[in-house]
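Geometric and topological summary
The chain contents come next:
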Amino acid sequence: MDTKLTLKLDKAVIEKAKKYAASNKRSLSRLIEAYLKSLTSENTENGQKKEEFEISPFVKSLALGTQIPNDIDTKSDYHDFLNRKYK
């Protein structure tokens, strides 16, 4: 069942994405759907997610960001940083 989704994106990005989708004979909606499926897919092959299309290394780096520990005291760490910086 298809459901409508409204997104706000940069106009230039949308235009480039439309051209990319057209050159690959796909609709922009299906292109976005395939990307979201690849992000949320549980299907794996050799321990890696199956991807319908290649995702750039930059986008992968955003998705694979480092985890911040739950027990970190950011106020104290920032205070210590400032003390060291301005001594």
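Moving on to the overall build of the chain. Secondary structure assignment for the chain yields 4 helices and 2 strands. Start at the N end of the chain and walk to the C end: the helices and strands fall as α-α-β-β-α-α. Burial statistics for the chain: of 87 residues in total, 8% are counted as buried. By element, 54% of the accessible surface of the chain is carried by carbon and sulfur atoms, the whole surface being about 8,500 Å².

In this section: the pattern of salt bridges. Under the counting rule described, the total for this entry stands at 3 salt bridges. Connected through shared salt-bridge partners, Asp2, Arg30, Glu33 and Lys37 make up one network.

In this model, helix α1 (residues 11–23) (13 residues) spans 18 Å end to end at C-alpha, consistent with the 18 Å of a helix rising 1.5 Å per residue. At the C-terminal side of α1, Lys25 shows a positive phi close to 55 degrees.

Further remarks concern the environment of Lys18. Here Lys18 lies in helix α1. Each C-alpha atom of the pair Lys18 and Ser29 lies 9.6 Å from the other, and the pair is 11 residues apart in sequence.

The full count for this structure, using the stated rule, is 1 aromatic pair. Ring geometry for Tyr78 and Phe81: centres 6.3 Å apart, planes at 25 degrees, overall stacked. Here Tyr78 and its partner Phe81 are both found in helix α4 (residues 74–85), 3 residues apart, which amounts to about one turn of the helix. Residue Phe81 is classed as partly exposed on the basis of its relative accessible area, which comes to 40%.

Here helix α2 (residues 28–40) spans 19 Å end to end across 13 residues, near enough to the 18 Å set by a 1.5 Å rise per residue. Turning to α2, its buried residues number three or more, namely Leu31, Ala34 and Ser38. All buried residues of α2 project into a common sector of 65 degrees when viewed along the axis, lining one side. Opposite its buried face, α2 presents the exposed residues Ser29, Lys37 and Thr40, each directed more than 90 degrees away.

Analysis parameters
- Residues numbered from 1 in each chain as written.
- Predicted model: local features only at pLDDT ≥ 70, side-chain atom pairs only at ≥ 80, totals over all residues.
- Heavy atoms only, no water.
- Helix = DSSP H or I, 4+ residues; strand = E, 2+ residues; numbered from the N terminus.
- Buried < 20%, exposed > 50% of the residue type's maximum accessible area, 1.4 Å probe, protein only.
- Areas by Shrake-Rupley, 256 points an atom, 1.4 Å probe, with all protein chains shown as cover.
- Salt bridge = Lys/Arg side-chain N within 4 Å of Asp/Glu carboxyl O.
- Expected span 1.5 Å × (residues − 1).
- Phe/Tyr/Trp six-rings, centres within 6.5 Å; stacked < 30°, edge-to-face > 60°.
- Arc of directions from axis to C-beta.

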